[in-house]
Amino acid sequence: IMATYKEIKGVTVQTKDEDPVENVGSWSAGGDINTARFYTGGSGTQTACMVSGGGPPNVTNCEIYDGSSWTEVNDLSRAKNTHGQGGTTTSALAYGGYDGSGPANSATAESWNGSSWTEAPSMNTARATYGGADGASNTACIAVGGFVNPSTGRTGDTEIYDGSSWTEVNNLNTARDETANSGTTTASICFGGQAPPARVAVAETWDGSSWTEVSDLNTARANLARSGTSTSALAFGGEFGPPGKTAATEAWDGTSWTEVADLATVRDKQPGAGASSSSAIAFGGNNPSNSAVANTEEFSFPPPTAA
């Protein structure tokens, strides 16, 4: 039955200065990781992800999340931090970072088969602080940007791993470290980071052959976390200026970034994981007091419907 004008008259439409934000999502508490830490590697989905290494002090510990709790599994062969990680809980690769084997950053890599880690071919360029590298498995990973050494500084260098060797491909347009990268070896997005003299909001997408600049983040930041793909990603947490850390979260739809619900815990130096902008997980990290945290948060977009 259609309502008449007489029945609905007097109802006014609310006016706003800007478009309303719909489906802003929500973060909810998950199970704590067993070892509080930051500068870790992380990969997987909200209900099946892995965390490796980190510090301080540097550790070899690895844990797997099943959607409710973390379980310790076999350790890395060497303690690593500020390294990249890609893959799943049954097929992952941890690579680069600082492993304590010398005064410089490392190019070493280790492959996870679901039960143990084995040595894998090293990257061509040793680097660190590019956490948020990504990939589909231990035979398809991408390393993007990072810090090489004090004389070389930040790099835009990009390498692809195919399970047997690393191949250098086209560089990022903006050399930087402390970035986040979501996606695969043929379609990914790199955003944020440190490109002196400042943190940046720059975002670039990879199509398998080259990087293209796209719309910037709303909040410039480094040491941020990520989830998703090149067309559906989430950026959360990070450091936007000394000594500021942020809980800000933004969703990427393939065209632009939209601010959504903030993390409950302000933190940076965490990797994050997840399949899309609507399903992400935050774990560990460094809080505003510069202390390692163990808490886990899960993002849902749109927010869960109340029972």
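For clarity, every value in this text was computed on a predicted model and none was experimentally measured.

A. Quick peek at the sheet that holds strand β24 (residues 249–252). Spatially, the 4 strands line up as an open sheet ordered β20-β21-β24-β25, and their pairing is antiparallel. For this open sheet the edge positions go to β20 (225–228) and β25 (257–260), each flanked by a neighbour on one side alone. Pairs of neighbouring strands in the sheet enclose a mean axial angle of 25°, with direction left out of account. Relative to β25, β24 runs antiparallel, the two being bridged by 4 bridges. Within the sheet, the bridge partner assigned to Ala-251 lies in β25 and is Thr-258.

B. Representation of unusual backbone geometry. A cis geometry characterises the amide bond from Gly-55 onward to Pro-56, with omega recorded as -10°. When you line up the elements, Pro-56 lands in the loop between β3 (48–52) and β4 (62–65). Residue Pro-57 is bonded to the preceding Pro-56 through a cis peptide linkage, with omega at -15°. Position of Pro-57 relative to the elements: it lies in the loop between β3 and β4. With a phi close to 55°, Tyr-39 is a non-glycine residue in the positive phi region. With relative accessibility at 22%, the residue Tyr-39 sits in the partly exposed group.

C. Representation of the sheet that holds strand β14 (residues 180–183) in the model. Strand order in the open sheet formed by 4 strands is β14-β15-β18-β19, and the pairing between neighbours is antiparallel. Because the sheet does not close on itself, it has two edges, and the strands there are β14 and β19 (211–214). This sheet shows a mean twist of 25° between the axes of neighbouring strands, independent of strand direction. With 4 bridges connecting them, β14 and strand β15 (residues 188–191) associate as antiparallel partners. Its bridge partner lying in β15, Ala-180 is registered against Phe-191.

D. Layout of the pattern of salt bridges. Under the definition given, this model contains 14 salt bridges. Between Glu-159 and Arg-127 there is a salt bridge, and its shortest N-O distance comes to 2.7 Å. Taken together, the residues Glu-159 in strand β12 (residues 154–161) and Arg-127 in the loop between β9 (117–120) and β10 (134–137) connect sequence positions 32 residues apart. With respect to burial, Glu-159 and Arg-127 carry one shared label: buried. One salt bridge in this structure joins Asp-134 and Arg-226, with 3.4 Å as the shortest N-O distance.

Conventions adopted
- Residues numbered from 1 in each chain as written.
- Predicted model: local features only at pLDDT ≥ 70, side-chain atom pairs only at ≥ 80, totals over all residues.
- Heavy atoms only, no water.
- Pairing = 2+ DSSP bridges.
- Helix = DSSP H or I, 4+ residues; strand = E, 2+ residues; numbered from the N terminus.
- Axes fitted to C-alpha atoms, helices over the stretch in contact; angles between N-to-C directions.
- Buried < 20%, exposed > 50% of the residue type's maximum accessible area, 1.4 Å probe, protein only.
- Salt bridge = Lys/Arg side-chain N within 4 Å of Asp/Glu carboxyl O.

Treat this as a map of the structure, not an account of what it does.
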